[in-house]
Amino acid sequence: MMKIITIGMNHETAPVQMRECLATEPDNTLKALKAMRELDCIREAIFLSTCNRVEALFITERETEAKTAVIQLMSELGDMAQDDFLSYLYTLEDLEAVQHVFRVASSLDSMVVGEPQILGQIKEAYSEATRQKTSGVILNRLMHRSFHVAKRVRTETDICEAAVSVSYAAVELAKKIFYDLQGKKVLLVGAGDMAELAARHLMRQGVASMVVANRTFERAVQVAEAFKAQPVSFEEVEGQFLDVDIVITSTASPDYVVTHEQVKQALRKRRNRPLFFIDIAVPRDVQPEVNDLDNVYVYDIDDLKGVVQLNKAQRIQEAVKAERIVQEEVSKFARWLKTLSVVPTIVSLRDKMESIIQVELRKSRSSLAGLTPEEIEAVQTLTRSVAEKLLNDPIVYLKRMADRKTANTYIDMAKKLFSLDEEEDAE
Amino acid sequence: MALLTLLLASGGFIVYIVKQEKWIFNWSYWILVAAFFFHTIFLGYRYALLGTAPVLTLKSALSFFSWCILCAYLVLQFRFRLMVLGSFVAPFAAFLMIVSTALPWAEGPVNPVFKSLWLTAHVGTVFMGNGLFAIAFLAAVMYLIQERNIKRKRLGSFYARLPSLATLDSINHYCLIYGFPLLTVGMITGSIYAQYALGTYWQWDPKEVWSLITWLFYAALLHERLTVGWRGRKAALMSIFCFAILLFTFLGASLWLGGYHSFESLGSRTAL
């Protein structure tokens, strides 16, 4: 009996040190695929290795043997003792494995649910497997179905939409204000992990340039270097309000660093171009009244957290929808898998038909001798189409019965009706 | 036929704003293009029939106005690729068409004085400008909704569906920049036409006066935008206000204030 098995570890089951061991070598995937191709017990295989998961997906008829071999292979690749990492592995079989693959592809199993990279990584792993010719009928189908599931999840749910981190939420807001961040200028006042993360997100969205200010100028220079930004002293901040579009504040100052009056003055000079304050500091750096000014938007840390909370709640809702889609697709795939059980019978049915045709044509060769090659061809076509028409109904019927529990009865019946077993025995 | 397809497109756009699926938008968009196409044929037919632009009754003026809005939207769609705008424009145009259809036919023969290319130029440019202003108005409404969402930190479903503030503001800007010259040209051709038809450039007709007021307000808005750097909320409010005056000029001045621009006198043969 053919089995679909996946063995692997992900961010939930294994600590990062473990995953690192397996994922660091860039050509590990290639090595693994080559090794699995050599194994007799493995029919088809795909190897996925990202920073959050390492997984081997394979098809086998000899379950225990294949599992041991794959675990052995992984321990060699990661240069780890088997006992050490055995407890971090999960093993899933058949429909559970199918479900797992679908969930991974649609990013339901990711550390950040809904992040889009994983699909690309799976596609990469699959194309590597096809290049190494380790993927076959079942895995090809499984992979294509998983891309389809991922697409459905992406289009039918809003799982990818919502930002679930404070810094990312800030970027989303900036986009709703400015549309395009290309060419915009950012001012970073004070430094801190979250502020720098937000700045980094903004830079990735194409923000043109950045200015860094800090109470201690050395620190400003330090941070500025990391971003290729321009450092300025703390006193220059107010003047900067004239050119920048986004201001991220995170100083430890107990008083407001940005006041209503300052911004009001600046606005007139900047001809009312919108200004977006992201205030990550506690206590706050930007006077709340600044938000009352036209074309100025102030979001403090609580506001941003509120956005994130909202998005998270939405994501959980959407995940339920996504799981339903996965379930639907798993049962579709299960139906397809079952039709595989009738495939050998259908193949031998066709073989038998073919050999009968050949034998009969040979027998009548003498009586057909007077015909032209075209006529002989016509006779052959005729014979074949009669035979095919005759076999068509039984084949369709078998396929339809394939996902019934009693499928085997029908297979046996077909074999007996067409005496297929004897044929095989005779060979 | 035009009304039917337009209604269909409006329905599609409303479904689109709820469901947010691209194919619904695509369908609605092409249905809208079809609606525009039928409408164009209809107007062309009427033009041929009357021998002049079909704008002499309120009914046909509304229908023409609706056509202009669609036209402006399609041009903007080409420029901004802003899907959600359709969800506002299509129903608005459909509403105008419904009103237009509901009004009774009341058309006598056309006074020969209207069979002039100047009239077509006058009405065409003014209405095109009005179409752009209508879209500026819709963009301003969307801007205010979105601005409120962001300021009040209420990021609901409308927030996700509406475009960014910068986009809405630039649509508003774009419509003004192009709408204003059209209105200006429309008024100038109108006065030339008046000279040609009535022998005087300007005669303090209520509609003329109100048009001038509208023009001044739009000029003020444009001036503030270009020189002082007005933008965002204030500009949006102002363009809504300007559009209200424009509507009054279009409907109010024609219906209640009388004068030779009113539809009553336009329809009758004895006027002038």
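Residues numbered from 1 in each chain as written. Chains lettered and ligands numbered in written order. Predicted model: local features only at pLDDT ≥ 70, side-chain atom pairs only at ≥ 80, totals over all residues. Heavy atoms only, no water.

Let's shift gears to the overall build of chain B. Tallying secondary structure elements over chain B gives 10 helices and 0 strands in all. When its helices and strands are written in sequence order, chain B yields α-α-α-α-α-α-α-α-α-α. Across chain B, contacts joining residues at least 24 apart in sequence account for 77% of those joining residues at least 6 apart. (Helix = DSSP H or I, 4+ residues; strand = E, 2+ residues; numbered from the N terminus. Contact = heavy atoms within 4.5 Å.)

What follows covers helix α6 (residues 117-131) of chain A. Residue and element names in this part refer to chain A. For α6, spanning 15 residues, the distance from its first C-alpha to its last is 21 Å, which sits close to the expected 21 Å at 1.5 Å a residue. If you follow the buried residues of α6, they end up packed against α2 (28-38), β2 (42-49), β3 (53-60), α5 (94-105) and α7 (137-156). One or two steps after α6, the chain reaches Lys133, where phi turns positive at roughly 55°. (Expected span 1.5 Å × (residues − 1).)

Here we come to unusual backbone geometry. Residues and elements named next belong to chain A. We note that Asp94 has phi near 45°; this positive angle belongs to a residue other than glycine. Structurally, Asp94 is set in helix α5. Residue Ser107 is not a glycine yet carries a positive backbone phi of 65°. Counting through the fold element by element, Ser107 comes out in the loop between α5 and α6. Given the relative accessible area of 3%, Ser107 is considered buried. (Buried < 20%, exposed > 50% of the residue type's maximum accessible area, 1.4 Å probe, protein only.)

Residues and elements named next belong to chain A. If you walk across this open sheet you meet the 4 strands as β2-β3-β1-β4, and the pairing is antiparallel. In this open sheet, the two strands that pair with only one neighbour each are β2 and β4 (90-93). Recorded for the sheet is a direction-independent mean angle of 15° between the axes of neighbouring strands. Its contacts with the sheet put α7 on β1 (3-10), β2 and β3, and the angle it makes with β2 is roughly 35°. (Pairing = 2+ DSSP bridges. Axes fitted to C-alpha atoms, helices over the stretch in contact; angles between N-to-C directions.)

With 26 residues of chain B in contact, the opposing surface of chain A contributes 23 residues. The junction of chain B with chain A conceals about 1,800 Å² of combined surface from both sides, 46% of it contributed by carbon and sulfur atoms. Area buried by chain B at its contact with chain A is led by Lys151, Lys153 and Arg231 of chain B, which between them contribute 33% of it. Where chain B touches chain A, the interface holds 1 salt bridge. When the shortest N-O distance is used, the salt bridge between Asp294 of chain A and Arg233 of chain B registers 3.2 Å. Seen at the junction of chain B and chain A, the total is 9 residue pairs in polar contact (both at pLDDT 80 or more). (Buried area = accessible area lost by both parts, 1.4 Å probe. Salt bridge = Lys/Arg side-chain N within 4 Å of Asp/Glu carboxyl O. Polar contact = N/O pair within 3.5 Å; in protein donor to acceptor, adjacent residues only side chain to side chain.)

Residues and elements named next belong to chain A. Where α5 meets α7, the axes come as close as 8 Å, and the angle between the chain directions of the two elements is 45°. By the angle between their directions, the pair α5 and α7 is classed as oblique. Viewed along their axes, α5 and α7 form a crossing whose handedness is right-handed. Residue-level inspection shows Val98, Val101, Phe102 and Ala105 of α5 in contact with α7, the latter providing Leu142, Met143, Arg145, Ser146, Val149 and Ala150. Its residues assigned to classes, the contact of α5 with α7 shows 8 nonpolar, 1 polar and 1 charged. (Parallel < 35°, antiparallel > 145°, perpendicular 65-115°, else oblique. Left-handed = near helix turned anticlockwise from the far one by under 90°. Nonpolar A, V, L, I, M, F, W, Y, C, P; charged D, E, K, R; others polar.)

Moving on to the nonpolar core. If you look at the biggest cluster of nonpolar residues, it comprises 105 residues, and the most contacted ones within it are Ile246, Ile248 and Phe276 of chain A together with Ile135 of chain B. Per-element accounting of this core gives the leading share, 18 residues, to helix α5 (residues 117-152) of chain B. Each residue touching Phe276 of chain A, except ones within four places of it in the same chain, is listed here: Ala170, Leu173, Ala174, Ile177, Phe178, Asp245, Ile246, Val247, Tyr297 and Tyr299 of chain A. Ranked by size, the runner-up nonpolar core spans 60 residues in total, among them Ala14, Ile46, Val153 and Phe333 of chain A. (Core = buried A, V, L, I, M, F, W, Y, C linked by side-chain atoms within 4.5 Å.)

In this section: the sheet that holds strand β9 (residues 275-279) of chain A. Residue and element names in this part refer to chain A. Within the open sheet, the 6 strands sit side by side as β7-β6-β5-β8-β9-β10. Their pairing is parallel. The sheet is open, and its two borders are formed by β7 (230-233) and β10 (296-300), each paired with just one other strand. Looking at each pair of strands side by side, their axes are set apart by 20° on average, direction ignored. Where strand β6 (residues 209-214) and β7 come together, 4 bridges link them in parallel fashion. The partner of Asn214 across the bridge, within β7, is Ser233. Across the face of the sheet, helix α9 (residues 193-204) comes into contact with β5 (185-189), β6 and β8 (246-249) while running at roughly 160° to β8.

Let us now look at the environment of Leu86 of chain A. All names here are of chain A. In this fold, Leu86 is placed in helix α4 (residues 82-86). Among the residues examined, Leu86 registers a relative accessible area of 39% and is labelled partly exposed. Sequence separation between Leu86 and Met9 is 77 residues, and the spatial gap between their C-alpha atoms is 9.7 Å.

Attention shifts here to the confidence of the model for chain B. Where the model shows low pLDDT, its predicted coordinates should not be examined in detail. All names here are of chain B. Taken over all residues, the pLDDT of chain B has a mean of 77, while the share at 70 or more is 77%. This model gives residues 267-272 a pLDDT under 50, and the stretch forms 7 contacts once residues within four places in sequence are excluded. Here the predicted complex scores 0.66 on pTM and 0.77 on ipTM. (pLDDT = per-residue confidence, 0-100.)

Here we come to the pairing of β10 of chain A. Residues and elements named next belong to chain A. Burial analysis of β10 places 5 of its 5 residues in the buried class, the great majority of the element. Covered by surrounding structure in β10 are Val296, Val298 and Asp300 together with Tyr297 and Tyr299, the residues of both alternating faces. Bridge analysis of β9 against β10 gives 5 bridges, and the strand direction is parallel. Within the sheet, the bridge partner assigned to Phe277 lies in β10 and is Val298.

Tracing the chain through its elements places Ser75 of chain A in helix α3 (residues 63-78). Here Ser75 of chain A is in contact with Met80, Gln82 and Phe85 of chain A, once residues within four sequence places are set aside.

With that settled, the discussion passes to the packing of aromatic side chains. Enumeration according to the criterion identifies 18 aromatic pairs over all chains in this entry. Ring geometry for Phe241 of chain A and Phe277 of chain A: centres 5.7 Å apart, planes at 85°, overall edge-to-face. On the criterion of sequence distance, the pair formed by Phe241 of chain A in the loop between α11 (237-240) and β8 and Phe277 of chain A in strand β9 is long-range, its members being 36 residues apart. Across the pair, Phe277 of chain A and Phe241 of chain A agree in class, each one buried. Geometrically, the ring pair formed by Phe217 of chain B and Phe241 of chain B is edge-to-face, given 5.3 Å between the ring centres and 80° between the ring planes. Remark: Phe241 of chain B occurs in helix α9 (residues 233-255) and Phe217 of chain B occurs in helix α8 (residues 206-228); sequence separation between them is 24 residues. We classify Phe241 of chain B as partly exposed; its relative accessible area is 43%. Above the ring of Phe147 of chain A, the side-chain terminus of Lys123 of chain A is found at 5.3 Å from the ring centroid. Stacked on the ring of Tyr297 of chain A, the Lys or Arg Lys151 of chain B has its end atom at 5.2 Å from the ring centre. (Phe/Tyr/Trp six-rings, centres within 6.5 Å; stacked < 30°, edge-to-face > 60°. Lys NZ or Arg CZ within 6 Å of the ring centre and 35° of its normal.)

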